[in-house]
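Each chain, letter by letter, is given below.
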Amino acid sequence: MIVLASQSASRRAMLEAAQVPFEALSPQVDEEAAKEALRADGLDARALADALAELKALRVSRRAPGALVLGCDQTLSIGESEARGEMIDKAVDREDARRILRLLSGRVHHLHSAAVIALNGGPIWRHVERVRMTVRPLSDSFIDAYLEADWEQLRWCVGCYRIEGPGAQLFSRVEGSQFAIQGLPLLPLLDFLRVRGVLAA
């Protein structure tokens with residue numbers, strides 16, 4: 001059994017589908033405040049995802065002694081420079097989502113999907129996976145229809161898309177794991193859980 005330090009529906013669904021035994025607890029982290037503080041330290045997108053995942057894992061680990069606690073986070077950077085590109089956050093409202101989609105249109109961006117396992121208040125395993133995403137040119141009419149159809153779901157998603165839903169229509173090319181796009185580098189995690197004996201080898 002592991003503890004997922006998240007209430008994310010997509011992460012829960014991935015673990016359930018992979019038949020990983022877990023329970024979920026909220027890390028009770030002010031993500032925006034934490035993100036601003038870490039950005040002030042000069043962290044790039046990859047390091048920021050890793051630091052936020054660790055923060056969540058440690059926060060719950062202190063409340064669950066003896067448990068393997070999984071913290072996850074994801075950041076998005078736009079541009080060919082991977083981690084050093086401009087970072088994009090979740091949209092604050094529909095107009096901000098429209099701005100983000102126009103910014104991503106016809107360009108490459110990178111998702112950095114981080115997972116950290118903590119035990120008794122300290123990190124014992126970590127992994128960050130990068131996915132290179134190419135967005136096709138998007139018309140304003142497509143963006144408006146897309147937001148109208150799926151706004152209540154995608155408002156919680158970095159980059160304003162769910163790859164497992166209508167968000168797949170945004171892309172001309174994806175290089176990397178769909179699990180990582182959905183917010184969890186699942187295959188490396190499963191390897192770790194087999195080594196620990198949580199899953200059968």
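For the structure itself, look to the data block above.
**A closer look at the overall build of the protein**
Thinking step 1. Within the protein one finds seven helices and seven strands.
Thinking step 2. In the protein, the succession of α and β elements from N to C terminus is β-α-β-α-α-β-β-α-β-β-α-β-α-α.
Thinking step 3. The C-alpha atoms of the protein give a radius of gyration of 17 Å, which matches the 17 Å a tight globule of 201 residues would have.
Thinking step 4. Taken over the C-alpha atoms alone, the protein extends approximately 50 × 35 × 30 Å along its principal axes.
Thinking step 5. Here the protein holds 201 residues, and the buried ones make up 51% of them.

**Some points on the pattern of salt bridges**
Thinking step 1. Scanning the entire structure with this criterion turns up 16 salt bridges.
Thinking step 2. Note that K35 is salt-bridged to D89, the shortest N-O span being 3.4 Å. You can see K35 sitting in helix α2 (residues 31–40) and its partner D89 sitting in the loop between β4 (86–88) and α4 (94–104), a full 54 residues away along the chain.
Thinking step 3. One salt bridge in this structure joins E148 and R94, with 3.0 Å as the shortest N-O distance. Within this pair, whereas E148 is found in helix α5 (residues 140–154), its partner R94 is found in helix α4, the two being separated by 54 residues in sequence.
Thinking step 4. On the accessibility criterion, R94 (31% relative accessible area) is partly exposed.
Thinking step 5. Residues joined by salt bridges that share partners form a network here, namely K35, E36, R39 and D89.

**Quick look at α2**
Thinking step 1. Of the residues making up α2, those classed as buried are A34, K35 and L38. Seen along its axis, α2 keeps its buried residues to an arc of 100°; they face one direction.
Thinking step 2. In this structure, the buried residues of α2 make contact with α3 (45–61).
Thinking step 3. In the segment just after α2, G42 is the residue with positive phi, at about 85°.

**Quick look at the packing of aromatic side chains**
Thinking step 1. Scanning all chains against the criterion turns up three aromatic pairs.
Thinking step 2. For the ring pair F142 and Y146, a centre distance of 5.8 Å and an interplane angle of 10° mean the geometry is stacked. Highlighted residues: F142 and Y146, both in helix α5, separated by four residues, approximately one helical turn.
Thinking step 3. Accessibility expressed as a relative area gives 18% for F142, which makes it buried.
Thinking step 4. In this structure Y146 comes out as buried when scored by relative accessible area, which is 5%.
Thinking step 5. With 4.8 Å between their ring centres and 80° between their planes, Y161 and F171 make a pair best called edge-to-face. Residue Y161 is located in the loop between α5 and β7 (171–175), and its partner F171 is located in strand β7; the two are separated by 10 residues in the primary sequence.

**Observations concerning the environment of R132**
Thinking step 1. In this structure, R132 sits in strand β6 (residues 122–135).
Thinking step 2. For the pair R132 and S77, spaced 55 residues apart in sequence, the C-alpha to C-alpha distance is 9.9 Å.

**Some details on α4**
Thinking step 1. Looking at α4, one finds that the buried residues are D96, A97, R98, I100, L101 and L104.
Thinking step 2. Looking at the buried side of α4, the elements it contacts are β3 (68–78), β4, β5 (108–119), β6 and α5.
Thinking step 3. Immediately downstream of α4, the backbone of G106 shows phi near 75°, a positive value.

**Quick notes on the nonpolar core**
Thinking step 1. With 27 residues, the main nonpolar core has M133, Y146, L147, Y161 and L170 as its most contacted residues.
Thinking step 2. At the level of elements, β3, α4, β6, α5 and α6 (178–181) are the ones that each hand at least two residues to this core.
Thinking step 3. Of all the elements, α5 adds the most residues to this core, at six residues.
Thinking step 4. M133 has contacts with R107, V108, H109, L111, Y161, I163, F171, R173, V174 and I181, leaving out every residue within four places of it along the chain.
Thinking step 5. Formed by 19 residues, the second largest nonpolar core is a distinct cluster that contains I2, L4, W125 and L190.

Conventions adopted
- Residues numbered from 1 in each chain as written.
- Predicted model: local features only at pLDDT ≥ 70, side-chain atom pairs only at ≥ 80, totals over all residues.
- Heavy atoms only, no water.
- Helix = DSSP H or I, 4+ residues; strand = E, 2+ residues; numbered from the N terminus.
- Rg over C-alpha atoms; globule rule 2.2 N^0.38 Å.
- Buried < 20%, exposed > 50% of the residue type's maximum accessible area, 1.4 Å probe, protein only.
- Salt bridge = Lys/Arg side-chain N within 4 Å of Asp/Glu carboxyl O.
- Arc of directions from axis to C-beta.
- Contact = heavy atoms within 4.5 Å.
- Phe/Tyr/Trp six-rings, centres within 6.5 Å; stacked < 30°, edge-to-face > 60°.
- Core = buried A, V, L, I, M, F, W, Y, C linked by side-chain atoms within 4.5 Å.

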